[in-house]
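# Descriptive analysis of the structure
Each chain, written out:
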Amino acid sequence: MSCILDLKVVPGAKKKRWVRADSGELKCYVTAQAIDGKANKAVIDALSDDLGIAKSKIRILSGHTARHKRIEIESAITVVEILRILGVDFVQSTLWQD
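Let me begin by describing the structure that accompanies this report. Bear in mind the structure is a predicted one, so any value in this text is a computation, not a measurement. (Residues numbered from 1 in each chain as written. Predicted model: local features only at pLDDT ≥ 70, side-chain atom pairs only at ≥ 80, totals over all residues. Heavy atoms only, no water.)

### With respect to the nonpolar core
Using the following cut-off: Here, nonpolar core refers to any group of buried Ala, Val, Leu, Ile, Met, Phe, Trp, Tyr and Cys residues whose side-chain atoms link them within 4.5 Å. The classification of residues rests on relative accessible area computed with a 1.4 Å probe and restricted to protein chains. Under 20% of the type maximum is buried, over 50% is exposed, and intermediate values are partly exposed. The secondary structure listing takes helices from DSSP runs of H or I that are at least 4 residues long and strands from runs of E that are at least 2 residues long, numbered from the N terminus. In what follows, a contact means two residues having at least one pair of non-hydrogen atoms within 4.5 Å.
W18, L47, I71, I73 and I82 are the most contacted members of the largest nonpolar core, which totals 27 residues. Going through the elements one at a time, strand 1 (2-10), strand 3 (26-29), helix 1 (38-51), strand 4 (58-62), strand 5 (68-74) and helix 2 (79-85) are the ones with two or more residues in this core. The leading source of residues in this core is helix 1, at seven residues. Among all residues touching L47, those that are not within four sequence positions of it are L5, W18, G52, I58, I71, I73 and L86.

Here it is, written out as C-alpha cells:
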C-alpha cells in the first residue's frame, strides 16, 4: 500500500519543520540548500525520521528540481496518520491521494 503527498519544499530554513499553509498546502522546511539534490535528500530524511519509515520506501515522483514535489510513501500508514504524526492539521484537500 502506498500514498502520495504533494508538498512544497522550503530549503535553507533555520530548522526542519512541517507546516500547513492557510491555502492548505503542506510545506516542508529543511536546512539543506537546494544544491546538488541536498534539499531532496533532506526531505526524504525528514519523512523517514519523523514517520519511522525506511528511506527506501520514500521516493520523489516529480519535482526533482522544483520546490513543489510529489512524493510516494510505501507504507500501511494512512495519509491522515502521516499528517497527524507530522503535527499538521488534517484538512481535506488536494494534498494527498490514497
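Once you've had a look at it, read on.
### Brief notes about the pattern of salt bridges
The cut-off we apply is this: By definition, a salt bridge exists where a carboxyl oxygen of Asp or Glu is found within 4 Å of a side-chain nitrogen of Lys or Arg.
Counted by the stated rule, this structure contains five salt bridges. A salt bridge links D50 to K16, with the nearest nitrogen and oxygen atoms 2.6 Å apart. Linking D50 in helix 1 with K16 in the loop between strand 1 and strand 2 (17-20), this pair joins segments that are 34 residues apart in sequence. Given the relative accessible area of 25%, D50 is considered partly exposed.

The values reported here are purely geometric and, on their own, carry no functional implication.
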